[in-house]
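So the chains spell out like this:
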Amino acid sequence: MPPPRRADSLEELVMGEVLVPPPAAAPPVPTLSEEEEWAVEEDCSVPVEDFEEKIPDPAFKWPFRPDAFQQRAALCLERGQSLLVAAHTSAGKTAVAEYAIALARRHMTRAIYTSPIKALSNQKFRDFRATFGDVGLLTGDVQLRPDASCLIMTTEILRSMLYNGSEVLRELEWVIFDEVHYINDAERGVVWEEALILLPEHVGLVLLSATIPNALEFAQWIGRTKRRRLRVLSTRQRPVPLEHFLYTGGGGPPSPRDLFLLLDARGSFSTQGYYAAVEAQKQRASKHAQSFGAKQPHGGGSGPGQDRAMWHSLVALLQAQGQLPAVAFTFSRGRCDAHAAALGRTDLCSAAEKGRVRGFVRRCLARLRGGDRRLPQVLQMSELLERGIGVHHGGVLPLLKEVVEMLFSQGLVKLLFATETFAMGVNMPARTVIFDSIRKHDGNNFRDLLPGEYVQMSGRAGRRGLDRTGTVIILCRGPVPDMADLHRVMLGRPSGLQSQFRLTYSTILSLQRAAALSVEGLMRSSFGEFPLRRRAAAQQRRVAELQQELAALGEPPQEGALDDLPQYHEAVQGLLEARAELQCGNWGYWGGGDPYSHGGPWLGPLGSWVCGWGCFPCLGLFIGGVPGGSVLLWHLVPLSSSSLFPCPRKDPPSPELLSALQELLRMAGGAPGSLPLLDPVGALQLRDPPAVEAATRARSLGAALGGFRCVHGPRFPQLYSQFAARRRLQAQVEQLQYQLSDRSLLLLPEYRQRLGVLQALGYVAEGGAVQLPGRVAALLSCHELLLTELLLGNVLSPLRPEEVAALLSCTVHPGRGEPPPKLPPNLQRGMEQIRAVAERVGRLQEEWGLPQSAEDYVGQFGFGLAEVVYEWARGMPFAALAALAPLQEGTVVRCIQRLEELCRELRRAARILGDPGLAATMEAASACIKRDIVFAASLYIQ
């Protein structure tokens, strides 16, 4: 097959100069009314009757009989219906993707398959190429067969294509989003939301996810956004059930008695098994203390020696019981390495298997230079693999990670120590999954695993067609975890999908240039806004109804004595608010109560009527209660009807009662001869400052009510009620109209802040047009403002390629690490210039109200890798570089790979700015770091 091409062609495919929405390749899909459901749950509990008759000529034939959900998925796809498949790990979701790809081939259209990570894209490329042949791959640095009918790519690549109207999107029939629950990722989840929103409505969707509790709500959002109904297919149980155990062994011969069943295959939690494990762990701790003395950790704590003994015993037990291969999830790269090293000379491979491993590793490493083949990590991993042991985490060199994955899939790695990222691997189930702890550090602090995390990782246990059950083992390296914690982790409800939508400068700039969608439109369509906007049609109808009610009320007269009616109503509302503060504050006898109970004073309503005229209120303060409901009136204050209890009477008040109420109003209004006002501070002994302030405000407003002219009009109660009703209806209409408008968007304030920053920098004109600097910033995938300002300020132009690469390392490696002072003066000056630019940008963001402080903004650009990148760009061998680097080899490789992608982005940006010299420098910077083991081609695409 042809070798991977340079990424220039990929840029041509992905990044267009003009944003043009792709034309529809199919007629519009009929839309539903707002009341109809945009998602329909399919019954996957039983197989489809006469499946072969319903699809006599399937687009794809699996080498196995499909499960019920796979059959229903095929039927839906044949009808052109979009799907959300939320199925257990290892249930066979990939079969649904295969059918969609086959349909596109039959229809001579295209299918796109997206994944969260490049490694998973590479694996899928290998698998689908073996199945279909005509498959292409588009990632950040590789382009293979871009004209293929099926293209594999990361979701970021798809989003870039959508923003730029790529030609790849033409003739597109299906887009498959694998691991779509990744939308929950705090950093990258927004990519899935944007891609789903931007996709043309005619494109069919196949969404593959682990089981999620709010699958129907998520599908409703997508269906409403894309104006097409989705079918939701879920599995109720795993194809291979799991049994969960606690393990307390270690230090002695391996024994099945050290395994305690905690959760059986039916999902029943065993308290008996739990307490038996607790007792066994106590006995083990006691024996250990007697043998080694009190210096050992208290309560069965785990030290290096105990860890080594535990792993030796457990591995021997699993090997004896035929429960290998096993994946041991360990939430620390260092512990992964330490556990593998602790197994010493443990050998899990036969002589024949050793030969296969040795030959495979030799062939994979043959493409490396001699020095790279002798890297310490390469030698250590090779030795482990020959013994059937592997390690898989972010610090492992990418090439070695692929070697481990391939050997594991062949059954030649019997025990794999891995971090949780391995749980996203494809087609790599194990017989057993081991947790060395149920606690992890999430970047901020230590916490228990979330139920969804436990399900995702434990789901790797149990190989379909090979194992009757899968085995999950939790190590009790110290005291047995609390039963409540275990129950919550193992049986708790997984978290539902939540929106991680956020605005970036690149998104704003891209949409400012696009005619098809606005920034407000993107925000309005986000998953986070869905609960607020899913009933928009019903809200619009309610607005129309309220407006009809307003018209029926008519305009109340406000001339003459009634001209201060609006001011009176405002004062009454203020009095109500003050009274509500007193009641809600729960300050003793001001909190309300029963007027007919014996006790202190009670603040409550005296009477009200519910009728077509509205309500006219009086509020009384009562003391004590007497039989028959008679009460002693202390003081009266007129209020609006909104605070009153409804009265069963429906007739309007009689003239006599209205006359009495008018007199009560006069007496309560502070006129000569009126009832004395109650002093809340003195008489009621209020001391809390908010209560005193509210009582004082209520007293002042109450005293002022009698001074309004409108209260003396003969028709005041009816007209006031009419006026208050109009105000209430108007307030409801305004609230609904606000909710329906873009003004209620959750991220609208931040959008205005970021737009203000862009306008202050000259990236966007006052009228909204994107200027040349803004076009440059829109091309960049990270740190748009800093990098654009560096280009505009000619900070990088005077530097050599290796110096540019070294300085730009601050954008790909987060942290505050500082380089040694021996770096060349050019680099020292460049670092100072970058800090100055970052300081200016950070201060500007602060001025516009963005929450990140200038210090935090500057602090994210650390130069701890500057020397490493500088020496690598000058030709230092990787063996020497690994000794120099402050990070593990795999992390260094990923940083340099990301840096090379950034150099290519900046090369294109320099061309748009009309600076060919800088473009040449960026191309040279890219070339000088793109070499050797750091950029070894993936084994999956060979």
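Source: prediction; values computed, not measured. Residue numbers here run from 1 along each chain, matching the order of that chain's written sequence. pLDDT decides what is reported in this predicted model: residues at 70 or higher carry local features, side-chain atom pairs at 80 or more are listed and counted, and totals for whole chains, interfaces and linings draw on all residues regardless. In computing side-chain values, all of the structure's heavy atoms are included and hydrogens and water are not.

Pairing between strands is defined by DSSP: at least two bridges between the two strands are required. Helix numbers and strand numbers start at the N terminus; a helix is a DSSP run of H or I with at least 4 residues, a strand a run of E with at least 2. Taken in spatial order, the nine strands make up an open sheet running β1-β9-β2-β8-β7-β3-β6-β4-β5, and their pairing is mixed. Among the strands making up the open sheet, the edge pair consists of β1 (39-41) and β5 (143-144). In terms of strand pairing, strand β3 (residues 110-115) meets strand β7 (residues 172-177) through five bridges, oriented parallel. Looking across to β7, one finds that Arg110 is bridged to Leu172.

Our next topic: the state of the cysteines. Any two cysteine sulfur atoms lying within 2.5 Å of each other are counted as a disulfide. Per the stated rule, a full pass over the model turns up zero disulfides. The thiol sulfur of Cys928 is not disulfide-bonded, and the nearest other cysteine sulfur, from Cys903, lies at 7.4 Å. The class for Cys928 is buried, based on a relative accessible area of 18%. For each residue, the accessible area found with a 1.4 Å probe, counting protein chains only, is set against the maximum for its type, and the residue is called buried under 20%, exposed over 50%, and partly exposed in between.

Fine structural detail should not be taken from predicted coordinates in areas where pLDDT scores are low. For every residue, the pLDDT score states the predictor's confidence, bounded by 0 at the bottom and 100 at the top. For the protein chain, per-residue confidence averages 81 on the pLDDT scale, and residues scoring 70 or more make up 81% of the total. In what follows, a contact means two residues having at least one pair of non-hydrogen atoms within 4.5 Å. Taken together, the stretch residues 1-9 has pLDDT below 50 and engages in 20 contacts with residues farther than four places along the chain or on a different chain. The model gives residues 586-609 a pLDDT under 50, and that stretch makes 77 contacts with residues more than four places away or in other chains.

Of all the five residues making up strand β11 (residues 259-263), four are buried; the element is thus mostly covered by neighbouring parts of the structure. Pairing geometry for strand β10 (residues 242-247) and β11, over four bridges, is antiparallel. Note on β11: the bridge partner recorded for Phe245 is Leu261.

Quick look at the environment of Lys282 now. The residue Lys282 is located in helix α9 (residues 271-292) in this model. The exposure class assigned to Lys282 is exposed, which follows from its relative accessible area of 54%. Put simply, Lys282 and Val480 are 198 residues apart on the chain and 9.1 Å apart in space, counted from C-alpha to C-alpha.

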